[in-house]
Each structure stands twice: as structure tokens, then as C-alpha cells.
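# Geometric and topological summary
Letter by letter, the chains look like this.
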Amino acid sequence: MKSFRKELWFETFKRRELINITPNIDECLDESGIKEGLALINAMHITASVFINDDESGLHSDFEKWLEGIAPEKPYDRYQHNGFEDNADAHLKRTIMGREVVAAVSGGKLDLGPWEQIFYGEFDGKRRKRVLVKIIGE
């Protein structure tokens with residue numbers, strides 16, 4: 001069995017942003033040479049997420065509104081965590097959206113459904129953060 005590991009780095013210009021990283025993962029898969037196996041993609045920061053969903057702007061807007069309804073950014077003093085930092089909402093949003101995805105690799109390609117795409121979700125941006133890509137298989 002072969003193993004491949006790579007870190008992808010992202011820096012957003014906004015506090016919250018969703019980035020389609022499917023092409024990045026496709027490149028990693030090509031680089032790995034693995035044809036059959038599993039790909040683990042996970043955010044290495046506690047205020048960022050990796051998840052699978054549709055790449056549709058209305059849905060992304062819905063995510064923003066939904067997450068803000070559940071864990072609003074402000075007022076900052078509503079959260080006990082906020083003292084040194086003002087990112088308690090980002091921790092909660094990450095918990096809701098998830099840390100990682102595992103996708104099957106078949107025939108050298110990600111084995112995703114017709115509308116499925118892999119996203120990096122940033123909830124406390126404006127600094128460099130990384131995503132781990134670990135692919136195992138043959």
C-alpha cells in the first residue's frame with residue numbers, strides 16, 4: 001500500500017469564506033499516483049472546516065445565514081471564550097460544519113456524487129491556515 005501526504009495552505013481576505021478545493025485535491029491525487037484507495041482531507045485549524053456539498057452560490061449564502069443564526073459573530077461578549085480573541089463563533093461554526101471528509105478513490109479519480117465538491121470553510125480568516133491531504137491505497 002502507498003501513502004501520500006501534502007499540506008495545502010490557504011489565506012482568505014475575509015473573516016468567513018468557502019473555497020472549492022476539489023481541483024486542489026484532484027492535483028494531489030494525480031501527484032500521488034494512487035488509483036484505488038481513500039483520501040482524507042482535514043482542516044488543521046480549529047476555526048476552519050472541510051466538508052462536501054454543492055458548489056452553488058445560493059446554498060453558500062444559505063450556509064452563511066444559517067451559521068450566523070446558530071452562532072452569531074457579535075456581540076463578542078456573548079461568549080465566555082472571547083477574551084484574548086474574538087473568535088468563539090468560528091469555533092462553533094467549525095464544529096457544526098465538520099473537521100474532515102474521507103472520499104473514495106476509484107480509477108485514479110475522486111469517487112464523488114454528481115454535484116459533490118470538496119470545500120474549505122474559513123470562519124476566522126485573514127491569516128494562513130493549512131489543510132492536510134492524506135491519500136492511501138494502491
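Here the structure is shown first, and the text comes after it.
What comes next concerns the included structure. (Residues numbered from 1 in each chain as written. Predicted model: local features only at pLDDT ≥ 70, side-chain atom pairs only at ≥ 80, totals over all residues. Heavy atoms only, no water.)

Time to look at the nonpolar core. Core analysis: the biggest nonpolar cluster contains 22 residues, and Ile-21, Ile-25, Ile-41, Ile-118, Val-131 and Ile-135 have the highest contact counts within it. Those elements that provide at least two residues to this core are β1 (2–11), α1 (22–32), β3 (37–43), β4 (48–53), β5 (100–106), β7 (117–122) and β8 (128–137). Contact partners of Val-131, with chain neighbours within four places excluded, come to Lys-6, Glu-7, Leu-8, Phe-10, Ile-21, Ile-41, Asn-42, Ala-43, Met-44, Val-50 and Tyr-120. Membership of the second largest hydrophobic core comes to 7 residues, among which are Phe-51, Ala-90, Met-97 and Phe-119. (Core = buried A, V, L, I, M, F, W, Y, C linked by side-chain atoms within 4.5 Å. Buried < 20%, exposed > 50% of the residue type's maximum accessible area, 1.4 Å probe, protein only. Helix = DSSP H or I, 4+ residues; strand = E, 2+ residues; numbered from the N terminus. Contact = heavy atoms within 4.5 Å.)

Turning our eyes to something else, we now look at the pattern of salt bridges. Tallying each qualifying case throughout the model produces 15 salt bridges. Across the pair Lys-129 and Glu-122 runs a salt bridge, and its minimum N-O distance is 2.7 Å. Grouping residues by exposure puts Lys-129 and Glu-122 together as buried. A network of salt bridges, in which partner residues are shared, links Arg-15, Arg-16, Glu-64, Glu-68, Glu-73, Asp-86, Asp-89, Lys-93, Asp-124 and Arg-127. (Salt bridge = Lys/Arg side-chain N within 4 Å of Asp/Glu carboxyl O.)

Considering all chains together, one arrives at 3 aromatic pairs under this definition. Each ring, one from Phe-10 and one from Tyr-120, has its centre 5.0 Å from the other, and the planes form 20°; the classification is stacked. Of this pair, Phe-10 sits in strand β1 while Tyr-120 sits in strand β7, placing them 110 residues apart in sequence. Note on Phe-10: relative accessible area 10%, which makes it buried. By way of ring pairs, the aromatic residues Phe-51, Phe-63 and Phe-119 are connected into one cluster. (Phe/Tyr/Trp six-rings, centres within 6.5 Å; stacked < 30°, edge-to-face > 60°.)

The next subject is the side chain of Asn-42. Positionally, Asn-42 belongs in strand β3. If we ignore the near neighbours within four places in the chain, the residues touching Asn-42 are Val-50, Arg-99, Glu-100, Val-131 and Leu-132.

This brings us to the packing of helix α2 (residues 57–70) against helix α3 (residues 88–97). For any two helices packed against each other, one specifies the inter-axial angle together with the distance between the axes. Closest axis-to-axis distance for the α2/α3 pair is 10 Å, and the angle between their directions is 120°. Our classification of the angle between α2 and α3 gives oblique. Classified by chirality, the crossing of α3 by α2 is right-handed. Every residue of α3 that contacts α2 at Phe-63, Trp-66, Leu-67, Glu-68 and Ile-70 is listed here: Asp-89, Lys-93, Ile-96 and Met-97. Grouping the amino acids of the contact of α2 with α3 by side-chain chemistry returns 6 nonpolar, no polar and 3 charged. (Axes fitted to C-alpha atoms, helices over the stretch in contact; angles between N-to-C directions. Parallel < 35°, antiparallel > 145°, perpendicular 65-115°, else oblique. Left-handed = near helix turned anticlockwise from the far one by under 90°. Nonpolar A, V, L, I, M, F, W, Y, C, P; charged D, E, K, R; others polar.)

Take the environment of Ile-19 next. Inspection of the secondary structure assignment puts Ile-19 in strand β2 (residues 17–20). With 110 residues separating them along the chain, Ile-19 and Lys-129 place their C-alpha atoms 13 Å apart. Setting aside residues no more than four positions away along its own chain, Ile-19 makes contact with Phe-10, Thr-12, Ile-118, Phe-119 and Tyr-120.

This part covers unusual backbone geometry. Here the bond from Lys-74 into Pro-75 is cis, since omega is 0°, no more than 30 degrees from zero. The residue Pro-75 is located in the loop between α2 and α3 in this model. One non-glycine residue, Lys-126, lies in positive phi territory at about 75°. By the element assignment, Lys-126 lies in the loop between β7 and β8.

The next subject is the sheet that holds β8. Across the sheet, which stays open at both edges, the 5 strands sit in the order β1-β8-β3-β5-β6 with antiparallel pairing between neighbours. Both edges of this open sheet fall to β1 and β6 (109–110), since each of them pairs with a single strand only. Relative to β8, β3 is paired through 7 bridges, and the arrangement is antiparallel. Bridging from a neighbouring strand, Leu-38 pairs with Ile-136 of β8. Each of β1, β3, β5, β6 and β8 is contacted by α1, which is oriented at about 150° to β1, the strand it contacts most. (Pairing = 2+ DSSP bridges.)

That's the geometry; what it means functionally is another story.
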